[in-house]
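Chain by chain, the residues run as shown.
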Amino acid sequence: MSSSYSSLTLFFFFASTFLYTSSNSFNITNILNQNNEFSTFNNLLTQTNLASAINSRQTITVLALSNDAVSHFSDQSAEDNKKVLSLLIILDYYDIKKLRSLNKKSVILTTLFQASGQAKGEQGFVNATVMNNGDVMFGSAVPGSILDSKLIDSVATHPYNISVLHISSYIRFMNPDGSFDVGSSSKPLPPQPPNDDDYEFDEPPSPPSSTTKPVVADATAATAKPPSAATAKPPSAAKANSTSGVSAINAPNFASAFVVSSFWLFMTVWRCDG
């Protein structure tokens, strides 16, 4: 009886752990591999170890660059590449609908570079602004920066775990005084700086109801200025069902059935041995 009990206990533990891990997993490398247009960007994420950092998160937005938008990275050091690419990794879930439906004109987004502890001033934040014509533009949140990267389309979404968005160019990496650090855009667009009251604080989305199909969350609306580098924290993760474009296992009903079945099997073996 003791041997059967130990075997069933170990089996139940590892199976439950596997189901839990799989239901919350995604792989940015596999996502980008589905489109050759992002092959260079995909390789850069791997080379800088940012792919692993992305996959370790449960809630993330990746601003992806097409092959023709990353030529500048070949002239930079691996360290500089990692800094610039870290600004394209948002520590929250944002898809096209959520960005375009912002209650305010702008939102200040926390990036992976902010979480690295290397950011000075507002270096680790990105400003996303809805322009008068409806376009969504991105730029550094450092005062005096321009909005020089345009949202083009969505690559893949898995609410509310990961969103991969195609943008036109990488975001300039600025010094706190407004001067360039590394990276520059070849054709920056005119800036449209919002008023202070137009900023919206970046908050994590609420998880969907367990009884309804997940939908894109509306933008949360707490008006605030950009948070300081010392107080910013990565948002908490939220779980949801997977959608097309992302290979991920998410089957809570199956997991529940598995737990019940395992318990029934355990009780059956226990009684037989008794």
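Note: the structure precedes this text.
Criteria and thresholds
- Residues numbered from 1 in each chain as written.
- Predicted model: local features only at pLDDT ≥ 70, side-chain atom pairs only at ≥ 80, totals over all residues.
- Heavy atoms only, no water.
- Helix = DSSP H or I, 4+ residues; strand = E, 2+ residues; numbered from the N terminus.
- Buried < 20%, exposed > 50% of the residue type's maximum accessible area, 1.4 Å probe, protein only.
- Contact = heavy atoms within 4.5 Å.
- Areas by Shrake-Rupley, 256 points an atom, 1.4 Å probe, with all protein chains shown as cover.
- Phe/Tyr/Trp six-rings, centres within 6.5 Å; stacked < 30°, edge-to-face > 60°.
- Lys NZ or Arg CZ within 6 Å of the ring centre and 35° of its normal.
- Pairing = 2+ DSSP bridges.
- Salt bridge = Lys/Arg side-chain N within 4 Å of Asp/Glu carboxyl O.
- Polar contact = N/O pair within 3.5 Å; in protein donor to acceptor, adjacent residues only side chain to side chain.

Chemist: What is the right way to look at the overall build of the chain in this model?
Modeler: Secondary structure assignment for the chain yields 8 helices and 9 strands. Counting all 274 residues of the chain, 43% fall into the buried class. Looking at the chain alone, contacts between residues at least 24 apart form 67% of all its contacts between residues at least 6 apart. Carbon and sulfur atoms form 54% of the exposed surface of the chain, whose accessible area is close to 13,700 Å².

Chemist: What should I look at first to understand the packing of aromatic side chains in this one?
Modeler: Here a ring pair, both rings aromatic, is described through the centre-centre distance and the interplanar angle of the planes. Following the criterion strictly, the structure yields 3 aromatic pairs and no others. Over the face of the ring belonging to Tyr94 we find Lys98, whose NZ or CZ atom lies 4.2 Å from the ring centre.

Chemist: Teacher, can you tell me more about the sheet that holds strand E7 (residues 162-167) here?
Modeler: Strand pairing in a sheet takes place through backbone hydrogen bonds and is either antiparallel or parallel in direction. Spatially, the 7 strands line up as an open sheet ordered E2-E1-E7-E6-E5-E4-E3, and their pairing is mixed. On the outer flanks of this sheet lie strand E2 (89-90) and strand E3 (106-110), each paired with one strand and no other. Of the strand pairs in this sheet, strand E1 (residues 60-64) and E7 are connected by 5 bridges, and their pairing is parallel. If you follow Ala64 over to E7, its bridge partner there is His166.

Chemist: Is there a simple way to think about the pattern of salt bridges in this case?
Modeler: One pass over the full model with this rule turns up 2 salt bridges. With its nearest N and O atoms 3.5 Å apart, the salt bridge here joins Lys150 to Asp135. Linking Lys150 in strand E6 (residues 147-158) with Asp135 in the loop between strand E4 (125-130) and strand E5 (136-140), this pair joins segments that are 15 residues apart in sequence. Across the pair Arg172 and Asp148 runs a salt bridge whose closest N-O atoms are separated by 3.1 Å. With Arg172 in the loop between E7 and strand E8 (173-174) and Asp148 in strand E6, the pair connects residues that are 24 residues apart, well separated along the chain. Asp148 shares its class with Arg172; the two are buried.

Chemist: Explanation requested: the side chain of Thr111 in the structure shown.
Modeler: The residue Thr111 is located in the loop between E3 and helix H7 (112-115) in this model. The exposure class of Thr111 is buried, given its relative accessible area of 0%. Separated by 2.7 Å, the side chain of Thr111 and the backbone oxygen of Gly124 make a polar contact. Once you skip the residues sitting within four places of it in the chain, Thr111 turns out to touch Ser86, Leu87, Ile89, Ile90, Leu91, Gly124, Phe125 and Val126.

Chemist: I would appreciate a short explanation of the pairing of E7 in the present structure.
Modeler: Walk down a regular strand and you will see the side chains alternate between the two sheet faces. Taken across its 6 residues, E7 has 6 buried, putting it largely inside the fold. Of the two faces of E7, the one carrying Ile162, Val164 and His166 and the one carrying Ser163, Leu165 and Ile167 are both buried. Alignment of E6 against E7, held across 6 bridges, turns out to be antiparallel. Within E7, the position partnered with Asp153 by the bridge is His166. Taking the residues that link successive antiparallel strands as the turn, the E6-E7 hairpin has 3 residues.

Chemist: Would you mind going over unusual backbone geometry with me for this structure?
Modeler: Keep in mind that most residues, glycine aside, have a negative phi and that most peptide bonds are trans. Going from Pro159 to Tyr160, the amide bond is cis rather than trans, its omega being -10°. As for its placement among the helices and strands, Tyr160 is situated in the loop between E6 and E7. Backbone geometry at Asn49 places phi at a positive 65°, although glycine is not the residue there. Tracing the chain through its elements places Asn49 in the loop between helix H3 (39-47) and helix H4 (50-55).

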